[in-house]
Amino acid sequence: KEVIIATKNAGKLIEFQSILSQYDLKAISLLDLEDSPEVEETGSTFEENAVLKAEAISKLYGKMAIADDSGLSVDYLGGEPGVYSARYAGAEKSDAANIEKVLLKLKGVSKEERNARFRCALALSEPGRETVTVEGSVEGYITEEPVGGNGFGYDPIFLVKDKAKTMAQLTKEEKNKISHRAVALQKLAKLLNA
Ligand code: ITT
């Protein structure tokens, strides 16, 4: 069976393909499809935005689609960057600029107050079926400096709780066991098998 991963984010896509390879699903993405639309993320929650993206793409192509809306939530910043994670520092979606902005806002803030979590909402939409949503999260702390070269987005400044490493220091396999995306996908897989 074929599923469209309704994302234009290459970092997300690599993780989906790797996690989904254990299931009997062929994952194609919006990066493989010509002229795929940019779905406007007008929701105020990760879940709302995931549903908007999954339903728009599933309707357009007449196929099953999974969308991921995710981001970093920093307690000291009242949950920011949250649903604005991709464009926190501007419309060009620069990971480096986003990281810099978070570090600047946390300058001088003590370790005890640097708690954060990654959150991921997934929506699965299929023509003629009710959309299904699940969420996953992973707890951690924001570092003082970027560390590590793996992953994408805010991974270099996210120190994983209970590991002495940032998300960007974990291998792909390690990240895909514990990440917000992996947790959400496991829940989705369970629902689908049920
Ligand atoms: P699509 O909407 O096309 O899927 P996007 O990058 O715009 O791509 P989001 O609106 O969901 O997606 O924004 C997610 C942002 O949150 C992403 O750009 C990263 O900055 C951050 N993020 C999400 N998951 C992450 C992860 O596993 N590691 C690091 N940063 C992550």
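Structure's up top.
Quantities reported herein were computed from a predicted structural model and do not represent experimental measurements.

Cut-offs applied
Residues numbered from 1 in each chain as written. Predicted model: local features only at pLDDT ≥ 70, side-chain atom pairs only at ≥ 80, totals over all residues. Heavy atoms only, no water. Helix = DSSP H or I, 4+ residues; strand = E, 2+ residues; numbered from the N terminus. Buried < 20%, exposed > 50% of the residue type's maximum accessible area, 1.4 Å probe, protein only. Contact = heavy atoms within 4.5 Å. Near = heavy atom within 4 Å. Polar contact = N/O pair within 3.5 Å; in protein donor to acceptor, adjacent residues only side chain to side chain. Areas by Shrake-Rupley, 256 points an atom, 1.4 Å probe, with all protein chains shown as cover. Nonpolar A, V, L, I, M, F, W, Y, C, P; charged D, E, K, R; others polar. Salt bridge = Lys/Arg side-chain N within 4 Å of Asp/Glu carboxyl O.

Just to check I follow, could you spell out the environment of Val-102 for this structure?
Summarising the element assignment, Val-102 is placed in helix 3 (residues 95-105). Classification of Val-102 by relative accessible area gives buried; the value is 0%. As for Val-102 and Glu-80, which are separated by 22 residues in sequence, their C-alpha atoms are 8.9 Å apart. Contacts of Val-102, omitting those with residues within four sequence positions, involve Pro-81, Tyr-88, Ile-142, Tyr-154 and Ile-157.

So what exactly am I meant to see when it comes to the environment of Lys-187 here?
With respect to the helices and strands, Lys-187 occurs in helix 5 (residues 180-193). Using a relative accessible area of 42% as the deciding quantity, one classes Lys-187 as partly exposed. Apart from residues no more than four positions distant in its own chain, Lys-187 is found in contact with Val-134 and Glu-135.

Before we go on, may I ask you to explain the site of the ligand in this structure?
Close to the ligand lie 21 residues; Thr-7, Lys-53, Lys-93, Asp-155 and Lys-175 are nearest. In this structure, an oxygen atom belonging to the ligand sits 2.8 Å away from a side-chain N or O atom of Lys-93. Taking Lys-175, its side chain carries an N or O atom lying 2.8 Å from an oxygen atom of the ligand. Isolated, the ligand exposes 620 Å² of accessible area, and the fraction of that covered by the protein chains is 96%. Counting residues per element, the shell around the ligand draws most heavily on strand 3 (residues 65-74), at 4 residues. A class-by-class count of the residues in the shell around the ligand yields 4 nonpolar, 7 polar and 10 charged.

What is the right way to read unusual backbone geometry from this model?
What you tend to see is this: most non-glycine residues have negative phi, and most peptide bonds are trans. Going from Glu-80 to Pro-81, the amide bond is cis rather than trans, its omega being -5 degrees. Residue placement: Pro-81 occurs in the loop between strand 3 and helix 3. Not every positive phi belongs to a glycine, and Asp-35 is a case in point at roughly 55 degrees. By secondary structure assignment, the location of Asp-35 is in the loop between strand 2 (26-29) and helix 2 (46-61).

It is not clear to me how the pattern of salt bridges should be interpreted in this structure. Could you clarify?
Oppositely charged side chains can form a pair if their charged atoms are brought close together. Going through the model one piece at a time under the given rule, you end up with 15 salt bridges. Note that Asp-75 is salt-bridged to Arg-117, the shortest N-O span being 3.0 Å. Taken together, the residues span a long stretch of sequence, with Asp-75 in the loop between strand 3 and helix 3 and Arg-117 in strand 4 (residues 115-125) at a distance of 42 residues. Asp-75 sits in the partly exposed class, given a relative accessible area of 41%. Overall, the relative accessible area of 19% leaves Arg-117 in the buried class.

Everything listed is a geometric property; what it means functionally is a separate question.
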